[in-house]
Each structure stands twice: as structure tokens, then as C-alpha cells.
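# Tertiary structure, described
Each chain, written out:
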Amino acid sequence: TFDVMPCKAGKHSTVDNGKIIATTTNTYTRKHTCELCGAVYTQKYNKSANTLTVKGKTKTVKYKTVKKKNVTVKRKDAITVSKNKGTVTYAKSSGNKKITINKKTGNITVKKGLKKGTYKVKVKVTAAGTNTYKKGTKTVTFTIKVK
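Below, the structure is looked at part by part. Please read all numbers here as calculations on a predicted model, not as lab measurements.

What counts as what
Every residue gets a number counted from 1 within its own chain, in the order that chain's sequence is written. With pLDDT at 70 or above as the cut-off, local features in this predicted model cover only qualifying residues; side-chain atom pairs require 80 or more to be listed or tallied, and sums for whole chains, interfaces and linings still use all residues. The side-chain numbers reported here are obtained from all heavy atoms of the structure, hydrogens and water having been left aside. When DSSP finds at least two bridges between two strands, those strands are taken to pair. By the criteria applied, helices consist of DSSP H or I runs no shorter than four residues and strands consist of E runs no shorter than two, each listed in order from the N terminus. With axes taken as lines fitted to C-alpha atoms, and helix axes fitted only over the stretch in contact, angles between N-to-C directions fall between 0 and 180 degrees. Relative accessibility thresholds used throughout: buried, under 20% of the residue-type maximum; exposed, over 50%; partly exposed, between the two (1.4 Å probe, protein chains only). A 3.5 Å cut-off defines polar contacts: any pair of N or O atoms within that distance qualifies, except that in protein one atom must be a possible hydrogen donor and the other a possible acceptor, and neighbouring residues in sequence count only when both atoms are side-chain atoms. Residue contacts are counted whenever heavy atoms from the two residues lie within 4.5 Å of one another. Put simply, two rings from Phe, Tyr or Trp (the six-membered ring, in Trp's case) pair if the centres are within 6.5 Å, and we call them stacked under 30 degrees between planes, edge-to-face over 60, tilted for the rest. Charges are assigned to positions over rings by a cutoff of 6 Å between ring centre and Lys NZ or Arg CZ, combined with an angular limit of 35 degrees from the ring normal. Each patch is built from residues that are more than 30% exposed by relative accessible area and take part in no salt bridge. Like charges join if they lie within 9 Å; nonpolar side chains (Val, Leu, Ile, Met, Phe, Trp, Tyr) join within 5 Å. For the accessible areas, the method is Shrake-Rupley and the probe is 1.4 Å, while residue cover comes only from the protein chains on display. Put simply, a salt bridge is a Lys or Arg side-chain nitrogen that is within 4 Å of an Asp or Glu carboxyl oxygen. When charges are counted, Lys and Arg are positive and Asp and Glu negative, with His and the chain ends excluded. We put the charge of a Lys on NZ, of an Arg on CZ, of an Asp on CG and of a Glu on CD.

## Focus on the sheet that holds strand 3 (residues 19–23)
Ordered in space as 3-4-5, the 3 strands form an open sheet in which the pairing is antiparallel. In the strand order of this sheet, the two ends are held by strand 3 and strand 5 (40–46), each with one partner. Taking each pair of neighbouring strands and ignoring which way they run, the sheet shows an average axis angle of 30°. Of the strand pairs in this sheet, strand 4 (residues 27–33) and strand 5 are connected by 7 bridges, and their pairing is antiparallel. Bridge pairing in strand 5 links T33 to V40.

Listed below in C-alpha cells is the structure:
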């Protein structure tokens, strides 16, 4: 944010040019220097909530293929992730044991031999956060149809 901040000496106002010098789980500290008089001071800010947005989709895979080998479904074809702050990780919460998800990439593997049918899979998507945003977690359900 670029708010006008009073300088430590109380004589001037300056644009928020603070450099982040420390972070914790819920707050971060910035060091400000007045552009006019050079006074230095620090200020603590609360971290903002993560803006992570996730949506589940339905993806169809062919039984003919799953019968012979594992099928990989790209994350973007089953889960839409946007507005995340920080690195995103994925963890399966529930669903068929023959459907797995890669922790880092989010790609889904439908293992060989999965029968025809519709399978719902619940995944916990976590954005790690940044210096100014908290960690955020959302749970999403996507569907895999084997036809």
C-alpha cells in the first residue's frame, strides 16, 4: 500500500517506501525512512488473508485406456487455481484409492484397472503465503468419469 506516513520526527509526511525487515505468521514489520529529513522508524502491519480461489471440474477418461495403463490428467483440466499468494501444494482428502494427486504439480493419476463409473475426489489446496499474505487453504471436489 502506498499510504502517506508521518515521519518519526513529526515534521513531514512521506510515501510508504518501507522495506520489509521481519515477518511472523500473522504480521510483518517494515522499516521506513523519511525522504525529506532521513528519520527512520519501523511499523508493524497485519498480514492480509490469502486470496486463493479454487474450483473443481469434471474430467472424462476412456476405460479402454485405463484398462491397459495409468492415465495422467493435468491439474488445469480438473482443478482451477487462481489468485494464490505463495507456492501451491495439493493433498488428497478423500476419494478412490486408484486416483492419486501429485503434491507439487497437482496432476492426477488414474491408475490402471479402475472400473467404469463416476468418482468424486476431494483435494485440499494450500497456498503458502508471502511476506504480506497469510497461508491459505481451500478444499475442492472434482469428478473423474471413466467411460
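## Some remarks on the side chain of K47
Positionally, K47 belongs in the loop between strand 5 and strand 6 (53–56). Since its relative accessible area comes to 12%, K47 is described here as buried. For K47, the side chain forms a polar contact with the main-chain oxygen of T24, separated by 2.8 Å. Within the structure, the side chain of K47 is placed 3.4 Å from the backbone oxygen of T130, a separation counted as a polar contact. Every residue in contact with K47, bar those within four places of it in the chain, is listed here: T23, T24, T25, N26, T27, Y28, T130, N131, T132, Y133 and K134.

## A look at the environment of L52
Considering the arrangement of structural elements, one finds L52 in the loop between strand 5 and strand 6. For L52, the residues in contact, after removing those within four places along its chain, are V81, S82, K83, N84, V125, A127, G136, T137 and K138.

## Description of the packing of aromatic side chains
Enumeration according to the criterion identifies 1 aromatic pair in this entry. Ring geometry for Y28 against Y45: centres 5.3 Å apart, planes inclined by 20°, an arrangement best described as stacked. With Y28 in strand 4 and Y45 in strand 5, this pair connects stretches of sequence that are 17 residues apart. A cation sits over an aromatic face here: R30 above Y45, 5.8 Å from the ring centre. A cation over an aromatic ring shows up here: K85 above the ring of Y133, its NZ or CZ 5.1 Å from the ring centre.

## So, a positive patch on the surface
On the surface, a cluster of positive charge is contributed by K62, K64, K67, K68 and K116. For K67, a relative accessible area of 53% corresponds to the exposed category.

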